[in-house]
Structure formats: C-alpha cells, structure tokens
Amino acid sequence: MTVRLRVAPSPTGDPHVGTAYMSLFNLAFVRQQGGQFVLRIEDTDRARFRADSEQQVFDMLSWLGLQWDEGPDKGGPFAPYRQSERLETYQPHVEKLLADGHAYYCWCTPERLQEMREDQQRRKVPTGYDRLCYGKTFEERAALPGCSDVPVVRMLIPDDPPLHFTDLIRGEVNAPMPDDQVILKADGFPTYHLAVVVDDHLMGITHVVRGEEWISSTPKHLLLFDWLGWERPAFAHMPLLRNVDKSKISKRKNPAARLTWFVEQGYLPEALLNFLGLLGYSLPSGEEIFTFSEMSESFDWTRVNTVGPVFDLDKLSWLNGHYIRELAEDDLAARLVPFLTEAGWYDGSAEHAALLAGSVPLIQTRMAVLSEVVDLLRFLFVADEDFVVDPVAVEKSLVGAVPVLTAAADALEPLTSWSTEAIQTAMDAALLDGLGLKRGKAYAPVRAAVCGSTIAPPLPESMALLGKDRVLRRLRGAPVL
RNA sequence: GUCCCCAUCGUCUAGCGGCCUAGGACUCCACCCUUUCAAGGUGGCUACGCGGGUUCGAAUCCCGUUGGGGGCACCA
C-alpha cells in the first residue's frame, strides 16, 4: 500500500511557519516511501477566512520547494481539496451518526454554554457539555432557558472512549477524556473534528502528522473513525515550535511565525528548510548541514524529539550566512536584485548589473541575510546627492583628516588605470611611504569619506567599483571635522 | 481550575545501562589572520532540574516532586 500524507492549513492569515514545519516532515517521509502528499485547505471557519491567504500558502510552500502532489490548484483523484467545497460530503455521515445514536442535536445558546463552563471552573470540575439537550425534542428543550432555534450536532461520547493510542513519535500515548464535541455547526459547516476524519478517510490518508496540540482531541477522531466503520490512520504528533519564552510559537510574539517574514528578510529557502529540519530532529549521521533529499533518505519518525524546540534565530542566521557563501556569484547577484530594486537603486541596466556583479565577491562573506545588501552597498548605489557620511564615522575617522584625504586624492588623480591594484599602489605610496602611516590608520579616513561608514567592503576594491570621479569628489568634499 | 504531554550546556541537539571525568553545532569570550567589518583557523566557558528507588553499574529503567508546555470553542 502506498503511503498518503497531507498538510491541512487554514487560510486565516499569513501562512504560518508551523505549516512549513509540518509539510517538511510529512514530505520527508512521503518521498522516502514513494507516496503522495496532499495539500488540503481547511476553510470551515467562515469568521476567520481570508481570501488571499490560500494563494500565500501555495506561494510559500513553493518557495520552500515543498511540492504537493494533489491540491486545490493541482486537482487530483479526490478533488475538491477545499473543505468549503465538500459540504455535501459530510452530511450523510452526520446523518448516519445521528441515526446510530452516536450523535444528537443541541440547541444551547453560546451564552448558556459560557455560563455552564464558568460554573464548572468555579466548582473545579472538568469542563464539558452537560447534555442538557440530550434525549430531548426541540419542544421539550425550548421549555428550558438558553435555547436557540437552529441546532448543532454533538458527538455522544461513551463512558469508555479510546483514550489510548500509538504514536509514531511518542509511542503509547494517553489522551484526556473528551466532552460531547460539536461536529456540525449551526451554519451547516462541519467542525474540524468531523471534516478532518471524513476527508482523511475519503482521501486515503494513511498517516496523520500534525502538531502536539492535537493529542487531546485524538480520542474524538478515533471514535469517529470507529463509528463510521473506517480504518484508523497512523498518527504522529510533532513537537510544537516555541517562542523564546517557551510558549507555542505565535505571530504576536515572534516575527518568524509568519513565513513571509523570511522572504522579506532575505533568508534563503534552502537555509530555512535545513533549519526547520534541525528543530526537533537530527540526522543519524550527525550532519547539521543537509539537503531535503539527505533528510528524506534517512528519515525516521523515532528520531523526532518530543520536546518543543525554541525557534532560535541566531542559528538560522548562521546557517543562512553559510548558504549564502555557498552560492555561485551570479546566483547570489540574482537573489540580491529584489532588495536593491526595493531600495529604489537598481534599474536593471547593464551598468547596474556590472556594478552588482563586481560587488558580490566583496560582500558574499559579509551577509547573514540578503536584506543586508542595502546597507553594504549603499555607498555604491545611492544617488550622489543622497550620499552622506555616517556621523559616527565622521567622529571616529575624519577628525583632522584633511592631510590624509588630500594626499590620497592627489595621488589618485593622475592615475590612468583605475584598477584595484593601481589604486592600492598609489594610496600606499602616498599614505604609507609618503605620510609614514600604518595601513589601518591611513585607510580609515579614506574609507569613511568614500564609503560613508567605518564598516565597508575592502577599500581599494570598493573604490575601483565606485569610479574615479566619485571617489575624488568624496575625498575632496568630505565632512572633515 | 482540570486533563494530557514533556524534561541533557543560554539555544538546537547526540546519547536509547557500562564506550560519558556527557560529544557536536549556534551564541559568547580569547588568540591567530587582517586596511574596517566579515569570513576562515585555534582554544575556552557552560548542561544530564531535584529526591528516592532498581542494578555490580544510570543521563539512560521505575516512582515521586518541581518546572515548562498544550488541550478544555458552533477556531483550526
């Protein structure tokens, strides 16, 4: 039997990093087993639905190279893959559960349920539906307070539900006693619990891989599989990604919870994927730098940790820097273009392309994320009238710097060949031999005047790229103190 | 509150009874290299939460405790 797994995000906003995390582990197993990976959109929550969210999910997973075999955009033998388009699929199963006595109607208003829970908390007993509606007709129920016109359908949880199951990652797991979960809402939409079971069965899902937060509702799902006479899939509950304070990773506390953030900051998809694979997991080889294929080949559920890892940006930055350094120069240049364009500096001309190509080797080891290119190459791409020397650099390097800058300018002015070598030779002759300065001391003011900062790519190379005119202008017009 | 899950350096992890005076990576610190900043090289700091067992022997097994997390929705 071929293995079929799925990821089932809800289109409720910016795609979540957890979706990518789950997809990675799903896919690592699927590709190893030669099975299929399904992308299903769980849009049963009308209130939180966001129209553009679905496309963003597609875009982000594609960006990461996590390709699904079936989905709303691709189609497949079990279409449709949006739950909102499958409403009629769920109905007969609800009716069967009702007919078999496994489910019942409930007319309780949200207000009544709210009061009931508050009362239960006060009395320090487990919260759960009190079955006021169970066994009653609408007329009987309507005589009591807190009754609405349109009912929901609830599961009738037996006294001995399956509270025990085998998890691929955790082994034997105990789950809590469920309460009478709503499976069909008043608006006619199924809740997650019903929809996920029906769809997983109908779509032939063999392994349910999801976050640890679902352990507590697994008994409900087990019950539904059993009641409907369906074979239970295997379960793997992944650890939850955490914020630095160890709470479940959230968009509120952590910018990295939004997948689009990584694109904006200039993380490479291969670095993020590698990093995600390092969270709660390690390769048998101990290797920390690996590709998806390498992870997939040796993938093993029992190697997944049960502890929720903190999403540590420091390590991701290092990894990203590593991958940036591994890139071919023209590849890196291409990936930098969007950031320079965004800054308004890059027009795609041959001149700009050449400038960028020349700078890549100078900055490749100096970036942790691609967006840093903006600061690194400001001196080179910024319009002349917008060029300013950082006040910190002025204070640190340009105090009494007129003699050095003048000597440098005078030595560079007559050059006929404007190459790195010629520039360095001329500068060294004028400043080291001429003024008797050490190289560090001599280059500092020149760097500040030309690059506008105490931190910059190697100086002669930078000057060569900038061009003679601009270098001389900056040297002679520097804001010397 | 209640139920469930979990517990090795600051962080990510290796470890699945003896190979552990606990290994690797990131971070941090020092040094080297060096025109700044990086990158690179070398070295260093830092952990088995606690208490009981079991065993010749425990980071590894059991119990308790403490701590953390998650669930308890007509959200997923």
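Since we're looking at a predicted model, the values are computed, not measured.

Reading guide: rules and limits
Residues numbered from 1 in each chain as written. Chains lettered and ligands numbered in written order. Predicted model: local features only at pLDDT ≥ 70, side-chain atom pairs only at ≥ 80, totals over all residues. Heavy atoms only, no water. Domains from an automatic or database assignment. Contact = heavy atoms within 4.5 Å. Buried area = accessible area lost by both parts, 1.4 Å probe. Salt bridge = Lys/Arg side-chain N within 4 Å of Asp/Glu carboxyl O. Polar contact = N/O pair within 3.5 Å; in protein donor to acceptor, adjacent residues only side chain to side chain. Helix = DSSP H or I, 4+ residues; strand = E, 2+ residues; numbered from the N terminus. Axes fitted to C-alpha atoms, helices over the stretch in contact; angles between N-to-C directions. Parallel < 35°, antiparallel > 145°, perpendicular 65-115°, else oblique. Left-handed = near helix turned anticlockwise from the far one by under 90°. Nonpolar A, V, L, I, M, F, W, Y, C, P; charged D, E, K, R; others polar. 1 Å grid on protein atoms, 1.4 Å probe; cavity = no way out; pocket = protein on both sides within 12 Å on 5 of 7 lines; lining within 4 Å. Points joined across faces, edges and corners; volume = space filled by probe spheres on them. Phe/Tyr/Trp six-rings, centres within 6.5 Å; stacked < 30°, edge-to-face > 60°. Buried < 20%, exposed > 50% of the residue type's maximum accessible area, 1.4 Å probe, protein only. Near = heavy atom within 4 Å.

### Notes on the domain arrangement of chain A
Splitting chain A by domain gives domain 1 (4–72 + 242–303), domain 2 (86–238), domain 3 (328–376) and domain 4 (385–476). Taken together, the contact between domain 1 and domain 2 spans 18 residues of the former and 22 residues of the latter. Summing both sides of the interface, domain 1 and domain 2 together bury roughly 1,800 Å²; the carbon and sulfur share of this comes to 58%. A salt bridge links Asp200 to Arg6; its shortest N-O distance comes to 2.8 Å. Connecting domain 1 to domain 2 are six residue pairs in polar contact (both at pLDDT 80 or more). Elements represented by at least two residues in the side of domain 1 that touches domain 2 include exactly strand E1 (4–7) and helix H1 (17–33). The element best represented in the side of domain 1 that touches domain 2 is H1, accounting for five residues.

### Considering the packing of helix H6 (residues 192–202) against helix H7 (residues 218–227)
Helix-helix packing is described using two parameters, namely the angle between the two axes and the distance between the axes. The interhelical angle for the contact between H6 and H7, taken along N-to-C directions, is 50°, at an axis separation of 10 Å. Taken together, the axis directions place H6 and H7 in an arrangement best described as oblique. Of the two possible hands of crossing, H6 and H7 adopt the one that is right-handed. On H7, the residues that touch Tyr192, His193, Leu194, Val196, Val197, Asp200 and His201 of H6 are Lys220, His221, Leu224 and Phe225. Taken together, the residues of the contact of H6 with H7 break down into six nonpolar, three polar and two charged.

### Some words on unusual backbone geometry
Among all residues except glycine, the phi angle is most often negative; among peptide bonds, the trans geometry is most common. With an omega of 0°, the peptide bond running from Ala79 to Pro80 counts as cis. Mapped onto the secondary structure, Pro80 falls in the loop between helix H2 (53–63) and helix H3 (87–99). Of note in the backbone geometry, Lys124 takes a positive phi value of approximately 60° without being a glycine.

### Description of the layout of surface pockets
Its volume calculated, the largest pocket comes out at about 970 Å³. If you go around the largest pocket, you meet 35 residues; those closest to its centre are Ala8, Ser10, Thr19, Glu213 and Trp214. Sorting the residues of the lining of the largest pocket by element identifies E1, H1, H2 and strand E8 (207–211) as the ones contributing at least two each. Per element, the largest residue contribution to the lining of the largest pocket is five residues, and it comes from H1.

### Points about the packing of aromatic side chains
Overall, the coordinates contain 20 aromatic pairs when judged by the stated rule. Between Phe29 and Trp301, the aromatic rings sit 5.4 Å apart at their centres with planes inclined by 50°, giving tilted as the arrangement. You can see Phe29 sitting in helix H1 and its partner Trp301 sitting in the loop between helix H10 (292–297) and helix H11 (313–326), a full 272 residues away along the chain. When sorted by exposure, Phe29 lands in the same class as Trp301, which is buried.

### Considering the protein's contact with RNA strand B
Not every one of the 60 residues close to RNA strand B is listed here, only the nearest: Lys185, Gly280, Thr365, Arg366 and Arg447. Between a sugar or linking oxygen of RNA strand B and a side-chain N or O atom of Arg170, the distance comes to 2.8 Å. Ser216 has a polar side-chain atom sitting 2.7 Å from a sugar or linking oxygen of RNA strand B. Looking at side-chain class alone, the surface near RNA strand B contains 22 nonpolar, 14 polar and 24 charged residues.

### Comments concerning the pattern of salt bridges
Within this structure, the stated rule accounts for 33 salt bridges. Two residues, Arg470 and Asp384, come together in a salt bridge whose shortest N-O distance is 3.9 Å. Remark: Asp384 occurs in the loop between helix H15 (378–381) and helix H16 (391–397) and Arg470 occurs in helix H21 (residues 468–476); sequence separation between them is 86 residues. Since its relative accessible area comes to 38%, Asp384 is described here as partly exposed.

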